[in-house]
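So you can see what is in the structure, the chains are spelled out below.
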Amino acid sequence: MKFPREKRESRTVVTPPPEALQRVDGGGPWGPTQFDLPDRSGSNSQTILIVVLVGVVVLLILAGLWVFAYFRFS
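Residues numbered from 1 in each chain as written. Predicted model: local features only at pLDDT ≥ 70, side-chain atom pairs only at ≥ 80, totals over all residues. Heavy atoms only, no water.

## Remarks on the pattern of salt bridges
To be explicit about the condition: Salt bridges are defined by distance alone: a side-chain nitrogen of Lys or Arg within 4 Å of a carboxyl oxygen of Asp or Glu. Residue exposure (1.4 Å probe, protein chains only): buried if accessible area is under 20% of the type maximum, exposed if over 50%, otherwise partly exposed.
For the structure on display, the rule yields one salt bridge. The shortest N-O distance in the salt bridge between Arg8 and Glu6 comes to 4.0 Å. With respect to burial, Arg8 and Glu6 carry one shared label: exposed.

Next comes the structure, spelled out in structure tokens:
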């Protein structure tokens, strides 16, 4: 059973604020954000290393707490 495609008119959902026309520094019409993407030639290796190290530390803390609870309560 096939249904006909629904036709919709295009419309603007959100418009940037009026002061966005004067803004020049990165981030687009809504201003700079902390999540701006790096340049294509840039490298994310330092960020990846930091995230991996934080993850390993969190996993070690969880493992240590689990071992402590295991020997303390059994």
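That covers the picture; the talk isn't over yet.
## What about a nonpolar patch on the surface?
The criterion, for reference: Nonpolar side chains (Val, Leu, Ile, Met, Phe, Trp, Tyr) are joined into patches within 5 Å and like charges within 9 Å, using only residues with over 30% relative accessible area and no salt bridge. The Shrake-Rupley method, run with a 1.4 Å probe, gives the accessible areas here. Residue values count only the displayed protein chains as cover. Comment: elements are numbered from the N terminus, with helices defined as DSSP H or I runs of at least four residues and strands as E runs of at least two.
Together, Ile50, Val54, Val57, Val58, Leu59, Ile61, Leu62 and Leu65 line one region of the surface with nonpolar side chains, adding up to about 750 Å² of accessible area. Locating Leu65 in the fold gives a position in helix H1 (residues 45-73). Look at Leu65 and you get exposed, because its relative accessible area is 53%.

## A look at the packing of aromatic side chains
Stated formally: Here a Phe, Tyr or Trp ring, Trp counted by its six-membered ring, pairs with any other such ring whose centre lies within 6.5 Å, and the pair is stacked when the planes are under 30 degrees apart, edge-to-face when over 60, and tilted otherwise.
Applying the stated criterion to the full structure yields two aromatic pairs. For the pair Trp66 and Tyr70, a centre-to-centre distance of 5.4 Å together with 15° between the ring planes defines the contact as stacked. In this pair, Trp66 and Tyr70 both sit in helix H1, four residues apart, roughly one turn of the helix. Judged by its relative accessible area of 56%, Trp66 falls in the exposed class. Relative accessible area serves as the criterion here: at 45%, Tyr70 is assigned to the partly exposed category. Grouped by ring-pair contacts, the aromatic residues Trp66, Tyr70 and Phe71 constitute a single cluster.

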